[in-house]
Amino acid sequence: MSYDFDTPVDRRGTWCIQWDGAADRFGVEGLLPFTISDMDFTSPPEVLDALQSRIAHGVFGYTDWQHEDFLSAVGHWFESRHGTGIDTGRLVYAPSVLNQLSQLLRMWTEPGDGIVVHTPTYDGFLKAVSGLGRELRGVPAGDMEALERELARPDSTVLILCSPHNPTGRVWTEAELRETARLAEAHGVAVISDEIHADFVHPEFVAKGQRHLPWTRFGTGRWALITSATKAFNFPALSGSYGIIGDPDDHAAFLRRMRTGEGLASPAVLSLTAHIAAYRFGAPWLDALGAYVAGNLRMVAERLDSSFPELGWRPPGAGYLAWIDLRPLGIDDAALQRELIEREKVAIMPGTTYGCEGFVRFNVGCPRAKAEQGVDALIRALRRLV
């Protein structure tokens with residue numbers, strides 16, 4: 001089946017943060033946005049058909065997620081997509097991945113505890129950790145010596161692993177994951193692995209054997225894997241996420257917490273419907289989309305190489321976010337943002353949002369013509385500043 005990713009979908013006036021919320025973030029109306037990590041594509045037709053069928057039923061009462069339709073769909077996805085069997089009896093459900101993260105941090109840590117993350121860091125982690133009164137401790141992605149130093153601190157209690165990594169798109173190797181697991185176990189640190197970008201590893205990386213490996217293969221001691229189909233299949237506004245918790249007592253405690261203290265026993269029925277349809281029938285669409293987005297990323301690399309070969313930028317292993325290191329050009333971040341916003345009328349996220357100066361995060365989860373507009377605007381702005 002062929003899919004159309006080239007035809008634009010007008011998202012203006014649909015209350016979406018990327019398009020309708022750009023002025024709130026950047027202070028200017030009418031910007032062409034390449035910002036928040038959702039895509040400008042419609043969800044798979046199989047998902048839309050399932051949603052329309054469920055809506056046609058007309059009754060949207062309280063709903064249960066602990067049934068075979070959902071559990072077996074998740075199990076099927078892990079087995080077929082990631083070659084990994086899971087114990088679906090260890091599943092939990094929550095409104096979002098960040099909600100799960102916050103609940104687990106409340107369960108496993110105390111105010112003032114150290115929470116270790118890789119830098120640059122997804123801004124949702126920054127907000128969750130600081131909002132709960134915990135101390136964020138960053139280590140450069142891939143620096144195992146720095147990771148061990150932070151994990152060894154007596155009050156470091158949790159490592160948040162983003163796998164694949166946001167914003168860099170790094171796909172962790174088996175050796176890196178095994179070493180991370182060893183260090184966490186040695187220092188008694190729990191691991192929360194956010195794998196919401198796991199389904200978007202690009203074809204050329206898979207061909208080289210660089211696959212995503214779920215944390216269920218490595219977790220020992222206290223650990224959780226948290227994820228959702230909302231990112232890969234582009235229905236984040238439906239909400240909904242699930243997780244796998246290793247320890248039976250922790251699993252029971254999480255379920256208790258959601259049912260009682262949080263009052264979140266019933267999931268959103270349309271999210272549940274979309275998850276099941278995506279995992280059962282959405283793989284061909286996702287494969288086609290992955291190839292299309294990989295083409296967008298190659299286009300960005302080619303145009304940057306043509307104008308600024310000294311950057312040496314190459315596409316990431318996963319995702320639709322181009323994390324671009326502009327430090328070789330000596331560009332001032334604030335000056336670049338002024339050029340992009342005031343002259344080019346585009347919105348591209350500055351690296352400072354993720355704790356790193358001299359970078360931008362450019363979302364190419366969009367029709368190629370729009371991605372071309374964005375990278376050309378970035379290049380024009382850089383040329384003026386250089």
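Analysis parameters
- Residues numbered from 1 in each chain as written.
- Predicted model: local features only at pLDDT ≥ 70, side-chain atom pairs only at ≥ 80, totals over all residues.
- Heavy atoms only, no water.
- Helix = DSSP H or I, 4+ residues; strand = E, 2+ residues; numbered from the N terminus.
- Buried < 20%, exposed > 50% of the residue type's maximum accessible area, 1.4 Å probe, protein only.
- Expected span 1.5 Å × (residues − 1).
- Contact = heavy atoms within 4.5 Å.
- Pairing = 2+ DSSP bridges.
- Axes fitted to C-alpha atoms, helices over the stretch in contact; angles between N-to-C directions.
- Salt bridge = Lys/Arg side-chain N within 4 Å of Asp/Glu carboxyl O.
- Disulfide = S-S within 2.5 Å.

Student: What is the right way to read unusual backbone geometry from this model?
Tutor: Excluding glycine, residues mostly carry a negative phi; peptide bonds, for their part, are mostly trans. Threonine 119 connects to proline 120 through a cis peptide bond whose omega is -5°. Within the secondary structure layout, proline 120 lies in the loop between strand 3 (114–119) and helix 6 (123–131). At the junction of serine 163 and proline 164, the peptide bond is cis and its omega measures out at -5° in the coordinates. Of note, proline 164 is situated in the loop between strand 5 (156–162) and helix 8 (174–186). Despite not being glycine, tryptophan 15 has its phi angle at roughly 65°, a positive value. Residue classification places tryptophan 15 among the exposed positions, given a relative accessible area of 82%. Here lysine 345, not a glycine, exhibits a phi torsion of approximately 60°, which is positive.

Student: Even after reading the chapter, I still don't get helix 11 (residues 269–281), so can you show me in this structure?
Tutor: In an α-helix there are 3.6 residues to a turn, and that puts residues three or four apart on one side. The end-to-end C-alpha distance of helix 11 is 18 Å, a good match for the 18 Å that 13 residues give at a rise of 1.5 Å each. Listed as buried for helix 11 are Val269, Ser271, Leu272, Thr273, Ala274, His275, Ala277, Ala278 and Tyr279. At its buried positions, helix 11 is contacted by helix 3 (45–57), helix 4 (68–82), strand 2 (91–94), strand 8 (241–245) and helix 12 (283–307).

Student: Just checking my understanding: could you explain the sheet that holds strand 11 (residues 359–363) for this structure?
Tutor: For sheets, the rule is that strands pair by backbone hydrogen bonds, running either parallel or antiparallel. Strand order in the open sheet formed by four strands is 1-10-11-9, and the pairing between neighbours is mixed. The sheet is open, and its two borders are formed by strand 1 (32–34) and strand 9 (321–325), each paired with just one other strand. Ignoring which end each strand starts from, the neighbouring axes of this sheet average 35° apart. Here five bridges tie strand 9 to strand 11, and the two strands are oriented antiparallel to one another. From the neighbouring strand, leucine 321 faces strand 11, where its bridge partner is asparagine 363.

Student: It is not clear to me how the pattern of salt bridges should be interpreted in this structure. Could you clarify?
Tutor: Note on pairing: side chains with opposite charge can pair once their charged atoms come close. Here the structure, examined in full by the defined rule, presents 23 salt bridges. Salt-bridge contacts for aspartate 155 lead to arginine 137; the nearest nitrogen and oxygen are separated by 2.9 Å. On the criterion of sequence distance, the pair formed by aspartate 155 in the loop between helix 7 (144–152) and strand 5 and arginine 137 in strand 4 (residues 135–140) is long-range, its members being 18 residues apart. Across the salt bridge formed by glutamate 179 and arginine 182, the nearest N and O atoms sit 2.8 Å from each other. With a gap of three residues between them, glutamate 179 and arginine 182 both fall in helix 8, about one helical turn apart. A relative accessible area of 25% means that glutamate 179 is categorised as partly exposed. Look at the salt bridges and you will find they share partners, linking Glu135, Arg137, Glu150, Arg153 and Asp155 into a network.

Student: It is not clear to me how the environment of lysine 208 should be interpreted in this structure. Could you clarify?
Tutor: With respect to the secondary-structure elements, lysine 208 resides in the loop between helix 9 (203–207) and strand 7 (223–227). Taking relative accessible area as the criterion, lysine 208 reaches 62% and is therefore assigned exposed. Residues lysine 208 and arginine 25 lie 183 residues apart in sequence; the distance between their C-alpha atoms is 39 Å.

Student: Where do I start with the side chain of asparagine 234 in this structure?
Tutor: Tracing the backbone shows asparagine 234 in the loop between strand 7 and strand 8. In this structure asparagine 234 touches Asp38, Met39, Asp40, Phe41, Ser43 and Ala229, once residues within four positions along its chain are discounted.

Student: It is not clear to me how the side chain of glutamate 150 should be interpreted in this structure. Could you clarify?
Tutor: Among the structural elements, glutamate 150 can be located in helix 7. On the basis of relative accessible area, glutamate 150 is assigned to the buried category, the value being 17%.

Student: Before we go on, may I ask you to explain the state of the cysteines in this structure?
Tutor: Simply put, disulfide is the name for a covalent bond between the sulfur atoms of two cysteines. Within this structure, the stated rule accounts for zero disulfides. Lacking any disulfide linkage, cysteine 162 is separated from the closest cysteine sulfur, that of cysteine 356, by 14 Å. Assessed through its relative accessible area of 4%, cysteine 162 is described here as buried.

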